[in-house]
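Each chain, written out:
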Amino acid sequence: MADMTKIADSDFHHAQRHIRLDTILRLRWLAVLGQLAAIFIVAQGLEFNVEIIPCVSIIALSAALNLALQTAANPMQRLEPMQAAGLLALNIVELAGLLFFTGGLQNPFSFLFLAPVLISATALPARFTFGLGLLAVACASVLFFFHFPLPWDSEDPLVLPPVYLVGVWLSIALAIGVTSLYSFQVTEEARKLADALAATELVLTREQHLTQLDGLAAAAAHELGTPLATIFLISRELEKTVKEPSIAADLKTLREQTQRCRDILSKITQLSPTGAPFDHMKLSELIEEVVAPHRDFGVEIKVRIAVAAAAEPVGSRNPAILYGIGNIVENAVDFARTTVEVNAWWNQDHIELVISDDGPGIPPDILNRIGEPYLSRRRPQDDGGGERRGLGLGVFIARTLLERTGAKVSFTNRIFPDHGAVVQITWPRQRFEAIETLEETIG
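Just so we're clear, the structure is a prediction, and the values are computed from it rather than from any experiment.

Caption draft 1: Broad picture of the UniProt feature "transmembrane region" (unreviewed entry) in the protein. If you check UniProt for "transmembrane region" (unreviewed entry), the listed places come out as residues 27–46, 52–72, 84–102, 108–125, 132–150 and 162–184 in our numbering. Across residues 52–72, the secondary structure splits into 100% helix and 0% strand, with the terminal C-alpha atoms separated by 30 Å. Helix makes up 74% of residues 132–150 and strand 0%, and the two end C-alpha atoms of the span are 26 Å apart.

Written out as structure tokens, the structure is:
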């Protein structure tokens, strides 16, 4: 189970970020149309004096670049981060050029400096966002000192005090910093969650494949058992009737090897407690199957099944439940000093499973966040001396799979003076006993 989680970590954690050229081009065309409309409204509708020729020239150059990119490159291709950042930087420079001829920071459209930086924050690495933010602030700083007058009524010119322009510059700088940081954090969390969920589906699919192989082996052993039994009986009868020593010896060897094949197939059949991947099994059998692989690691695992008036729950041998509980038990064994306890209890309405250890417990600073993707804190390895770290997908995957089966999973620490982590898993009994297939778990 741990190997599967490590594979999932490496597959999904280092995904590169790319923006399609078509996305950038659509935004640039939208900017071209918006800029032309703004100039037309100001010049014709409001009849203000606008530097039309320089502004239209800048917009025309932007449109020409868009056409060149659409013609020379496939719009569906994904740009490298450096290329995307370059186009966004060009957007900032083009906007600064337009603002230079239309009032600088006095122009209310100066806040459009935010747009390219926000796009970068949601799609590009942090270093490119930081660079674009610095470029936008630098352009705003230049426009504070150098710009053409704001298009306005010549008979009643608008004169804004310097302190107001300082406030505009400061608000642009703060807005770029705060909103970009917020957008970057939200996008990063969403990306991590998406990667972790994809890893969850990968792990669950592999669990299903292993379970299917288990059932296939059991079915093959069952089908081969009958012909092997026939060969065994015939060889034994021939061995009794044949008098030739050499032939009798060959028949004896044949019978012994046939019996050996039957023994091997019998062991294969026993790999699955019930002989089929999704047969029903009692809760105690499920717990024992999960716990068994972790008993030989120097930590005592105590399983306690409470005596209850209600009949013992019987559920499906579901890969999601097996992996989820198994991963939590594995973590408990990993952190325990000497003992891990697995306690089960049920009644007519609920099933409760509590897994606890006598290790250091869950650190208070991550107790409320435990189960989030990429949240991990490992103890030092005994042999290496360094800190053993993971990406924290194991507990997230386990919790996600268990909750999809209807379970409620909670993480706490033991009450002082005891120490150690406690994981409580609770199912509605009806939901637990109704789980039949992996597809229901995924859905």
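More follows now that the structure is in view.
Caption draft 2: View of the environment of Asp153. Its place among the elements puts Asp153 in the loop between helix H6 (126–145) and helix H7 (162–241). Separated by 104 residues in sequence, Asp153 and Asn49 place their C-alpha atoms 7.9 Å apart.

Caption draft 3: Molecular detail of the sheet that holds strand E9 (residues 421–428). Pairing is mixed across the open sheet formed by five strands, whose spatial order is E4-E6-E7-E9-E8. Each having just a single partner strand, strand E4 (300–305) and strand E8 (408–413) make up the two edges of the open sheet. In this sheet, neighbouring strand axes are inclined to one another by 15 degrees on average, regardless of whether the strands run parallel or antiparallel. Examined bridge by bridge, E4 and strand E6 (residues 339–346) share six bridges and lie parallel to one another. Residue pairing across strands places Ile305 opposite Ala344, the latter belonging to E6. Contacting E4, E6, strand E7 (350–357) and E9, helix H10 (residues 319–335) crosses the sheet at an angle of about 25 degrees to E7.

Caption draft 4: Region of the structure containing a nonpolar patch on the surface. Together, Leu36, Ile52 and Val56 make up an exposed nonpolar region whose accessible area comes to about 210 Å². A relative accessible area of 38% places Leu36 in the partly exposed class.

Caption draft 5: How the structure looks around the pattern of salt bridges. Scanning the model with the defined rule gives seven salt bridges in all. Of the charged contacts, one joins Arg399 and Glu403 as a salt bridge, the two residues approaching to 3.1 Å between their closest N and O atoms. In this pair, Arg399 and Glu403 are both assigned in helix H12 (residues 393–404), four residues apart and thus about one turn of the helix distant. Arg399 sits in the partly exposed class, given a relative accessible area of 23%. Glu403 gets classed as partly exposed once you look at its relative accessible area, which sits at 38%. With a closest N to O distance of 3.2 Å, Arg429 and Glu433 form a salt bridge.

Caption draft 6: Looking closely at the environment of Gln424. Tracing the chain through its elements places Gln424 in strand E9. A sequence separation of 72 residues divides Gln424 from Glu352, and the C-alpha atoms of the two residues are 7.1 Å apart. In contact with Gln424, not counting residues within four places along its chain, are Glu352, Leu353, Val354, Lys408, Val409 and Ser410. One polar contact links Gln424 to Glu352, side chain to side chain, over a distance of 3.0 Å.

What counts, and at which threshold
Residues numbered from 1 in each chain as written. Predicted model: local features only at pLDDT ≥ 70, side-chain atom pairs only at ≥ 80, totals over all residues. Heavy atoms only, no water. UniProt positions renumbered as here; feature names shortened; annotations may be inferred. Helix = DSSP H or I, 4+ residues; strand = E, 2+ residues; numbered from the N terminus. Pairing = 2+ DSSP bridges. Axes fitted to C-alpha atoms, helices over the stretch in contact; angles between N-to-C directions. Contact = heavy atoms within 4.5 Å. Patch = residues over 30% accessible without salt bridge, like charges linked within 9 Å, V, L, I, M, F, W, Y side chains within 5 Å. Areas by Shrake-Rupley, 256 points an atom, 1.4 Å probe, with all protein chains shown as cover. Salt bridge = Lys/Arg side-chain N within 4 Å of Asp/Glu carboxyl O. Buried < 20%, exposed > 50% of the residue type's maximum accessible area, 1.4 Å probe, protein only. Polar contact = N/O pair within 3.5 Å; in protein donor to acceptor, adjacent residues only side chain to side chain.

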